[in-house]
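The residues making up each chain are set out below.
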Amino acid sequence: MAAAAAAAPTRAEVLSLFRSLLRTGRQFSDYNIREYTRRRAADAFRENRALGDAPAAAAFADGKKQLEVAKRQAVVYSLYAPKAKSIMEMKLQ
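Residues numbered from 1 in each chain as written. Predicted model: local features only at pLDDT ≥ 70, side-chain atom pairs only at ≥ 80, totals over all residues. Heavy atoms only, no water.

Going by what an unreviewed UniProt entry lists, the protein is known as Complex 1 LYR protein domain-containing protein and is assigned to Leersia perrieri.

Set out below in structure tokens:
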């Protein structure tokens, strides 16, 4: 069982994790948090692009933990959503 945990994730698994992080980020009502989540996910995946098998497995496990944290935070933020939109979200008239 330990060998399966240390195996490098497949490309499909990595892309699925990336898409899940982006989808979870879109659930935040606050513009700044949505953009931070998107930037952080993209930067982390770009930074870890060339990792070997063992470090890639560790980074993938960390990414899954971060996804769970982001999902919980999205729920909490939805309970306390701001009443007014950010200036970045307002449309020019």
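Q: Just give me the short version of a nonpolar patch on the surface, but keep the residues and values in it.
A: A cluster of nonpolar side chains, Val 75, Val 76, Tyr 77, Leu 79 and Tyr 80, forms an exposed patch at the surface whose accessible area comes to about 540 Å². Within the element layout of this structure, Tyr 77 appears in helix H4 (residues 53-79). (Patch = residues over 30% accessible without salt bridge, like charges linked within 9 Å, V, L, I, M, F, W, Y side chains within 5 Å. Areas by Shrake-Rupley, 256 points an atom, 1.4 Å probe, with all protein chains shown as cover. Salt bridge = Lys/Arg side-chain N within 4 Å of Asp/Glu carboxyl O. Helix = DSSP H or I, 4+ residues; strand = E, 2+ residues; numbered from the N terminus.)

Q: Residue-level account of the pattern of salt bridges, with values.
A: On inspection of all chains with the given rule, the structure shows two salt bridges. A salt bridge links Glu 35 to Arg 38; the shortest N-O distance between them is 3.0 Å. With a gap of three residues between them, Glu 35 and Arg 38 both fall in helix H3 (residues 31-47), about one helical turn apart. Here Arg 38 falls in the partly exposed class, since its relative accessible area comes to 41%. Here Arg 46 ties to Asp 43 by a salt bridge, and the two come within 3.1 Å at their closest N and O atoms. (Buried < 20%, exposed > 50% of the residue type's maximum accessible area, 1.4 Å probe, protein only.)

Q: Break down helix H2 (residues 11-26) for me, citing the residues and quoting the values.
A: For H2, built from 16 residues, the straight-helix expectation of 22 Å at 1.5 Å per residue is met to within 8% by its first-to-last C-alpha distance of 23 Å. Buried within H2 we find Leu 17, Ser 20, Leu 21, Thr 24 and Gly 25. Each buried residue of H2 lies within a common arc of 135 degrees when the element is viewed along its axis, so the set occupies one face. Exposed residues lying more than 90 degrees from the buried face of H2 are Arg 11, Ala 12 and Arg 26. Considering only its buried residues, H2 is in contact with H3 and H4. (Expected span 1.5 Å × (residues − 1). Arc of directions from axis to C-beta. Contact = heavy atoms within 4.5 Å.)

Q: Can you tell me about the UniProt feature "domain: Complex 1 LYR protein" (unreviewed entry) in the protein, naming the residues and giving the values?
A: The UniProt entry lists residues 13-69 under the feature "domain: Complex 1 LYR protein" (unreviewed entry), expressed in the numbering used here. For residues 13-69, helix accounts for 84% and strand for 0%, while the C-alpha atoms at its two ends are 19 Å apart. (UniProt positions renumbered as here; feature names shortened; annotations may be inferred.)

Q: Can you explain the environment of Asn 48? Please cite residues and give values.
A: Along the chain, Asn 48 turns up in the loop between H3 and H4. A residue is classified by how much of its surface remains accessible, and Asn 48, at 32% relative accessible area, is partly exposed. Separated by 29 residues in the primary sequence, Asn 48 and Arg 19 have C-alpha atoms spaced 16 Å apart.

Q: Describe the side chain of Thr 24, with residues and values.
A: Position of Thr 24 among the secondary structure elements: in helix H2. Residues in contact with Thr 24, not counting those within four places in the same chain, are Leu 67, Ala 70, Lys 71 and Ala 74.

Q: I'd like to hear about the environment of Ser 78, residue by residue, with values.
A: Within the secondary structure, Ser 78 is located in helix H4. Along the primary structure Ser 78 and Phe 28 are separated by 50 residues, whereas in three dimensions their C-alpha atoms are 6.9 Å apart. Within the local environment of Ser 78, its side chain forms a polar contact with the backbone oxygen of Val 75, the two atoms lying 2.6 Å apart. (Polar contact = N/O pair within 3.5 Å; in protein donor to acceptor, adjacent residues only side chain to side chain.)

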